[in-house]
Amino acid sequence: MLKNDLFLKALKGETVQRPPVWMMRQAGRYLPEFIALRDKYDFFTRCQTPELAAEITVQPIRRIAPDAAILFSDILVVPQAMGIEVLMKENIGPFVPNPIRSMADVHRVYVPDIQESLGYVMDAIKLTKEMLDDEVPLIGFAGSPWTILCYAVEGRGSKSFDMAKGFCFSNPAAAHTLLQKITDTTILYLKEKVKAGVNAVQIFDSWGGMLSPVDYQEFSWKYITQIVEALADVAPVIVFGKGCWFALGEMGKSRASALGVDWTCSARNARYLSGGNITLQGNFDPSRLLSPIPTIKKMVHEMIDEFGKDKYIVNLGHGILPNIPVDHAKAFIDAVKEYGQ
């Protein structure tokens, strides 16, 4: 039995004393103990070594004590498992040496055997669960099929992903074939994660906001829905689409347990657009963690007042930035714990 199940209660929409809190990218780059490991081991070594991934996952639990842990990994382990080479390059970030540009390229991509290609993730989950010792729930995650396609086609990060969009619009048959393969792999992957012990899963649609509302339905939401439907009976699913406020109505009708909201959408609008019945998660601007600590605490309390304490998970509107002082991150967590006291 979990000692702290606030996060799972909020996902079920139950009444709580205070909302739960965790931060996207909390296992990572703002923590000095993470930086020490980063300087010693390259990125994918950290992802692929269960002992390192588990250690990084529990670092923020020890340091800032959020109400949930999120497994240290990366959304790009999925395309790697599908036969797409992905590197992490200094000053570039994710880099795909042979990006997908044709149907022939798509045909070379395969749906893998998850245990064979991603077994190290399941080992990391089991190890993390032991280390957490039922203190808090563990979240597993995956990128949305559209977001994975963006990297696979563009070959690297981008401000607009014009090449990825162009591929979808000029060669929709190839795009949909690739999106379906990513979807099928992601469903198998997340189901294995649940079997290995994660308590909930989150789908990150980091680049969903690049699409128009009509194109979003065709190239992103259609595939996210398949994942939600496949997972909803085995674990709570959170869908976070950055810049996707326009799809909150559609998302609110799905079987997702919660929807993530970024900082460009007000609490009032998020409640209204999503239909008012689903748990929402977010949406503190990560840069706001650079504000003075009293300001952070005041703003967090105002944010909870706006969203309401029930059917709400306090989080950032995107991942924590590398330059956030640890005591500011802790102040964010503590502000939630002090709410209503």
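Conventions used here
Residues numbered from 1 in each chain as written. Predicted model: local features only at pLDDT ≥ 70, side-chain atom pairs only at ≥ 80, totals over all residues. Heavy atoms only, no water. Helix = DSSP H or I, 4+ residues; strand = E, 2+ residues; numbered from the N terminus. Contact = heavy atoms within 4.5 Å. Core = buried A, V, L, I, M, F, W, Y, C linked by side-chain atoms within 4.5 Å. Buried < 20%, exposed > 50% of the residue type's maximum accessible area, 1.4 Å probe, protein only. UniProt positions renumbered as here; feature names shortened; annotations may be inferred. Polar contact = N/O pair within 3.5 Å; in protein donor to acceptor, adjacent residues only side chain to side chain. Arc of directions from axis to C-beta. Expected span 1.5 Å × (residues − 1). Salt bridge = Lys/Arg side-chain N within 4 Å of Asp/Glu carboxyl O.

**Considerations on the side chain of Thr186**
Part 1 of the reasoning: Mapped onto the elements of the fold, Thr186 is located in helix α10 (residues 172-196).
Part 2 of the reasoning: Apart from the residues within four sequence positions on either side, Thr186 is in contact with Val78, Ala142, Gly143 and Ile227.

**Observations regarding the nonpolar core**
Part 1 of the reasoning: Formed by 126 residues in total, the largest nonpolar core has its most connected members in Phe7, Met23, Leu149, Val239 and Phe332.
Part 2 of the reasoning: The dominant element in this core, judged by the number of residues it contributes, is α10, at 10 residues.
Part 3 of the reasoning: Among residues more than four places away in sequence, those in contact with Phe332 are Val21, Trp22, Met23, Phe284, Leu289, Ile296, Val300, Met303, Val314, Asn315 and Leu316.

**Looking at the UniProt feature "binding site: substrate" (unreviewed entry) in the protein chain**
Part 1 of the reasoning: Residues annotated in UniProt with the feature "binding site: substrate" (unreviewed entry) correspond here to Arg25, Gln26, Ala27, Gly28, Arg29, Phe44, Asp74, Tyr151, Ser206 and His318. A maximum C-alpha distance of 22.9 Å shows the annotated residues, which cover 294 residues in sequence, to be distributed over more than one spot.
Part 2 of the reasoning: Secondary-structure assignment places Ala27 in the loop between α1 (6-11) and α2 (32-40).
Part 3 of the reasoning: In contact with Ala27, other than residues within four places in its own chain, are Phe34, Ile56, Thr57, Pro60, Ile70 and Phe72.
Part 4 of the reasoning: Mapped onto the elements of the fold, Asp74 is located in the loop between β1 (69-70) and α5 (77-81).
Part 5 of the reasoning: Asp74 has contacts with Phe43, Cys47, Met88 and Phe141, leaving out every residue within four places of it along the chain.
Part 6 of the reasoning: A polar contact is formed between the side chain of Asp74 and the backbone nitrogen of Leu76, at a distance of 2.8 Å.

**Things to note about helix α9 (residues 162-170)**
Part 1 of the reasoning: Of the residues making up α9, those classed as buried are Ala164, Lys165, Phe167 and Cys168. One face of α9 carries all of its buried residues, which in axial projection span an arc of 155°. More than 90 degrees from the buried face of α9, the exposed residues found are Asp162 and Ser170.
Part 2 of the reasoning: For α9, the secondary structure elements touched by its buried residues are α6 (103-108), α8 (145-154), α10 and α11 (213-231).

**A look at helix α15 (residues 326-337)**
Part 1 of the reasoning: Under the 1.5 Å per step criterion, the end-to-end length of α15 is 17 Å for 12 residues, consistent within 8% with the ideal 16 Å.
Part 2 of the reasoning: For α15, the set of buried residues is Val326, His328, Ala329, Ala331, Phe332, Ile333, Asp334, Ala335 and Val336.
Part 3 of the reasoning: Contacts made by the buried residues of α15 are with α2, α4 (50-63), β8 (279-284), α14 (293-307) and β9 (312-316).

**Thoughts on the pattern of salt bridges**
Part 1 of the reasoning: Counted according to the given criterion, the structure contains 15 salt bridges.
Part 2 of the reasoning: Its salt-bridge partner being Asp133, residue Lys3 comes within 3.5 Å of it at the nearest N-O pair. Separated by 130 residues along the polypeptide, Lys3 in the segment before α1 and Asp133 in the loop between α7 (114-132) and β4 (138-143) bring together distant segments of the chain.
Part 3 of the reasoning: Note on Lys3: relative accessible area 52%, which makes it exposed.
Part 4 of the reasoning: Since its relative accessible area comes to 47%, Asp133 is described here as partly exposed.
Part 5 of the reasoning: As a salt-bridge pair, Lys330 and Asp334 come within 3.1 Å of each other at their nearest N and O atoms. Of this pair, Lys330 and Asp334 are both found in helix α15, four residues apart, which corresponds to roughly one turn of the helix.
Part 6 of the reasoning: Residue Asp334 is classed as buried on the basis of its relative accessible area, which comes to 18%.

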